[in-house]
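Chain residues, written in single-letter form:
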Amino acid sequence: MLKKLLAPLKMGNTTLPNRVVMAPLTRSRAGQPGDIPTALNTEYYTQRASAGLIVTEATQVSRQGQGYALTPGIYTDAQEAGWTDVVKAVHANYGHISLQLWHVGRVSHSLLQENGAAPVAPSALIAEGAQCFVIQPDGKQENVPTEMPRALATEELPGIVAQYRQAAERGQRAGFDFLEVHAANGYLLQQFLSTNSNQRTDAYGGSLENRARLTLEVLDAVIEVIGAKQVGVRMSPHFVAQGINDAEAEASALYLANAFSERGIAYLHIAEPDWAGGPELSDAFRAQLRAAFNGALIFCGGYTAADAEALIEQGTADAVAFGRPFIANPDLVARFRQGAALNKPDRTTFYGGGAHGYTDYPTLDLPQA
Ligand code: FNR
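Not measured: the values here are computed from a predicted model.

**Student:** For the overall build of the chain, give the residues involved together with the corresponding values.
**Tutor:** Assigned secondary structure in the chain consists of ten helices and 15 strands. Along the first, second and third principal axes, the C-alpha atoms of the chain reach 55 × 50 × 35 Å. Per-residue burial for the chain yields a buried fraction of 59% across its 369 residues. Accessible area for the chain stands at about 14000 Å²; split by element, carbon and sulfur atoms hold 52% of it. When the 28 positive and 37 negative side-chain charges of the chain are each reduced to one mean point, those points stand 4 Å apart.

Below, the structure written as structure tokens:
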């Protein structure tokens, strides 16, 4: 019995019908040209509308914030219109949906940037071992190492905050229930937060408070647009890929969790590192996060329904997000409810392509493959 996992949850001013959250999942199928959500993307999200909350795939707040070809944006009218269709369809199916706001920072390449510019970062330090996905001038699609970024000048940081603000305005107009600031997985905000990727000497580098400043400025801008009760943040303490190695990971996460509580945001979403490498979160740290944050706390990474139920039962989590299970099981909630077997995700169709491996996973009502 999954009494807790399938129970409603009040998040901000919204009541979610269950606590099974669909994790943000980059699927690299945005319409081209223009990185615009399509009817196929709408179908994919609509199929998954029975999730308590859908978090969209990471969505770049600007061209500068893009690190992979074929991911959607939220900075043009056409992108906003595409997302509006997604949201309408999810709402028509009684779903709830949060838009993940993304700036990749240094995890990018001049081929993705306006006029072949260098990617931007807190400091001119390459993301060791990180790759991005590009379309070469001859049309060839491939993963390539990220390029050396240029350090952002202090005077440019209000412009970064403005990118998120404008994206939040578009997200609000598109009708999203929540906006999720992506401060995880080694992208721009975590690059500022992490002790090794931020070597700045201005007010945005050095102390923990300084390294966390940009995240809080971005958050405050998003809150100004839509209100704290419709805002969430995703963080990944202990994340070690993309060249991230934060000597103060837990202290930073707890400092921010307290700052989020003061602002009264709706939720904090913790991406656990186990799926991408990195040390597991300890129970003690999970409990500290719980104590520091007064909104809805979501954990994600390698959970089964039974693990999720236990984490909610013991009071550590309010909800649990599922990534790969939702790729392969559009009706994941129904399967959990019935104790049905799960379809296995096909890794070869995670990124890019069309309907195959995207909208054609069988549901319980259909004949099983
Ligand atoms: C991800 N993940 C991810 N995280 C994020 O914050 N934004 C994103 O766009 C993506 N994209 C993405 C694509 C794919 C194909 C995978 C497999 C993962 C991480 C994801 O949200 C989640 O944290 C992990 O998948 C771990 O959860 P599961 O899959 O073990 O339930």
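**Student:** Outline the pattern of salt bridges, listing residues and values.
**Tutor:** Taken as a whole and assessed by the stated rule, the structure comprises 13 salt bridges. Ionic pairing is found between Glu 80 and Arg 170, a salt bridge with its closest N-O pair at 2.7 Å. Taken together, the residues span a long stretch of sequence, with Glu 80 in helix 2 (residues 77-92) and Arg 170 in helix 3 (residues 157-174) at a distance of 90 residues. Residues Glu 80 and Arg 170 agree in their burial class; the two are buried. For the salt bridge of Asp 220 with Arg 263, the shortest nitrogen-to-oxygen distance reads 2.6 Å. Of this pair, Asp 220 sits in helix 5 (residues 208-226) while Arg 263 sits in helix 6 (residues 249-263), placing them 43 residues apart in sequence.

**Student:** I'd like a rundown of the site of the ligand, residues and numbers included.
**Tutor:** Lining the immediate surroundings of the ligand are 19 residues, of which Pro 24, Thr 26, Arg 234, Gly 302 and Arg 324 lie closest. A distance of 2.8 Å separates an oxygen atom of the ligand from a polar atom in the side chain of Arg 234. About the coverage of the ligand: the protein hides 96% of its 610 Å² of free accessible area. Its residues assigned to classes, the shell around the ligand shows ten nonpolar, seven polar and two charged.

**Student:** So what's going on with the packing of helix 3 against helix 5? Which residues, and what values?
**Tutor:** Running from N to C, helix 3 and helix 5 cross one another at 30°; their axes reach a closest spacing of 9 Å. Crossing angle aside, the handedness with which helix 3 passes helix 5 is right-handed. On helix 5, the residues touching Leu 157, Ile 160, Val 161, Tyr 164, Arg 165, Ala 168, Glu 169 and Gln 172 of helix 3 are Leu 214, Glu 217, Val 218, Ala 221, Val 222, Glu 224, Val 225 and Ile 226.

**Student:** Requested: an account of the nonpolar core, with residues and values cited.
**Tutor:** Formed by 85 residues in total, the largest nonpolar core has its most connected members in Leu 101, Leu 214, Val 222, Phe 260 and Phe 322. Top contributing element to this core by residue count: helix 5, with ten residues. Every residue in contact with Phe 260, bar those within four places of it in the chain, is listed here: Leu 216, Leu 219, Val 233, Met 235, Ile 265, Leu 268 and Phe 293.

Here is what the cut-offs are and how they apply
Residues numbered from 1 in each chain as written. Predicted model: local features only at pLDDT ≥ 70, side-chain atom pairs only at ≥ 80, totals over all residues. Heavy atoms only, no water. Helix = DSSP H or I, 4+ residues; strand = E, 2+ residues; numbered from the N terminus. Buried < 20%, exposed > 50% of the residue type's maximum accessible area, 1.4 Å probe, protein only. Areas by Shrake-Rupley, 256 points an atom, 1.4 Å probe, with all protein chains shown as cover. Lys, Arg positive; Asp, Glu negative; His and termini not counted. Charge placed at Lys NZ, Arg CZ, Asp CG, Glu CD. Salt bridge = Lys/Arg side-chain N within 4 Å of Asp/Glu carboxyl O. Near = heavy atom within 4 Å. Polar contact = N/O pair within 3.5 Å; in protein donor to acceptor, adjacent residues only side chain to side chain. Nonpolar A, V, L, I, M, F, W, Y, C, P; charged D, E, K, R; others polar. Axes fitted to C-alpha atoms, helices over the stretch in contact; angles between N-to-C directions. Left-handed = near helix turned anticlockwise from the far one by under 90°. Contact = heavy atoms within 4.5 Å. Core = buried A, V, L, I, M, F, W, Y, C linked by side-chain atoms within 4.5 Å.

These figures capture arrangement, not role.
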